[in-house]
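# Fold and contact review
Take a look at the letters that make up each chain.
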Amino acid sequence: DARVTQTPRHKVTEMGQEVTMRCQPILGHNTVFWYRQTMMQGLELLAYFRNRAPLDDSGMPKDRFSAEMPDATLATLKIQPSEPRDSAVYFCASGLGVYREKDTQYFGPGTRLTVL
Amino acid sequence: QQQVKQSPQSLIVQKGGISIINCAYENTAFDYFPWYQQFPGKGPALLIAIRPDVSEKKEGRFTISFNKSAKQFSLHIMDSQPGDSATYFCAATQAGGFKTIFGAGTRLFVKA
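The present account deals with the structure reproduced in this document. (Residues numbered from 1 in each chain as written. Chains lettered and ligands numbered in written order. Predicted model: local features only at pLDDT ≥ 70, side-chain atom pairs only at ≥ 80, totals over all residues. Heavy atoms only, no water.)

## Let's talk about the sheet that holds strand β3 (residues 19-25) of chain B
Residues and elements named next belong to chain B. With respect to topology, five strands assemble into an open sheet ordered β1-β3-β8-β7-β6, the strand pairing being antiparallel. Each end of this open sheet is capped by a strand with a single partner; those strands are β1 (4-7) and β6 (56-59). The sheet shows a mean angle of 15° between the axes of neighbouring strands, direction not considered. Bridging between β3 and strand β8 (residues 72-77) involves six bridges; their strand directions are antiparallel. Across the sheet, residue Ile21 finds its bridge partner in β8, namely Leu75. (Pairing = 2+ DSSP bridges. Helix = DSSP H or I, 4+ residues; strand = E, 2+ residues; numbered from the N terminus. Axes fitted to C-alpha atoms, helices over the stretch in contact; angles between N-to-C directions.)

The following block contains the structure:
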């Protein structure tokens, strides 16, 4: 049963600390997305990759957030330094990335981040 | 900024009734309109999707109606069941790419 995995599932940290969230996309998928979900803003696209290359990170605060794909099986989202306003659920999603076909995004279970 | 506006924010429907959720978009450069369903504590999951070259798509109890000229699309859930109680998101994906903009979500509660 192929699925997107995310670690950690929960993270509580103090303001100013570095946070790293990891995602393993479904094998064979070549698009990876990072979303942030809050009650106020809903689901916001932070960044996405295709074939490990960043295509759009316009939704990401550049001064503190960074997203990378060191290899095809791992995507990371880092926040340094973290702030209380970063508290949210962060979702990773992956997709086949075939234009006009099967654009389904498969979401992971999310990482619930709390910054105190 | 590209936006997808979704309404209502919340919806209560009796079991067996029809649930209707509406969305409108402001940019014509979208070519894929999915609906996602999210249960508490879980990630969103694709429910049904439509492309702008068709006006309606039906899968079981779920139907998307699409009005390209009005830039509106809606989700109809027929014979709503308590198990359908979840948050529903409409979305729109950029033409020629994969950037997806989500609506704010509708919390549906189906009363038994």
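Picking up after the structure, the text goes on.
## A short note on the pairing of strand β8 (residues 74-79) of chain A
All names here are of chain A. Here five bridges tie strand β3 (residues 19-24) to β8, and the two strands are oriented antiparallel to one another. The residue bridging Cys23 from the neighbouring strand is Ala75, located in β8. Across five bridges, strand β7 (residues 65-71) lies against β8 in antiparallel orientation. When the bridges of β8 are listed, Ala67 appears paired with Leu77. In this antiparallel pair of consecutive strands, β7 and β8, the connection spans two residues.

## What to know about the state of the cysteines
Per the stated rule, a full pass over the model turns up two disulfides over all chains. Shown here is the disulfide that connects Cys23 of chain A with Cys92 of chain A, its sulfur atoms set 1.9 Å apart. Across the S-S bond linking Cys23 of chain A and Cys92 of chain A, the dihedral sits near -60°, which makes this disulfide left-handed. With Cys23 of chain A in strand β3 and Cys92 of chain A in strand β9 (residues 88-95), the pair connects residues that are 69 residues apart, well separated along the chain. Taken as a pair, Cys23 of chain A and Cys92 of chain A share a single burial class, namely buried. Between the sulfur of Cys23 of chain B and that of Cys90 of chain B lies a disulfide, 1.8 Å long from S to S. Measuring the twist about the S-S bond at about -95°, one finds the Cys23 of chain B-Cys90 of chain B disulfide to be left-handed. You can see Cys23 of chain B sitting in strand β3 and its partner Cys90 of chain B sitting in strand β9 (residues 86-94), a full 67 residues away along the chain. (Disulfide = S-S within 2.5 Å. Buried < 20%, exposed > 50% of the residue type's maximum accessible area, 1.4 Å probe, protein only.)

Without other data, these values stay purely geometric and don't point to any function.
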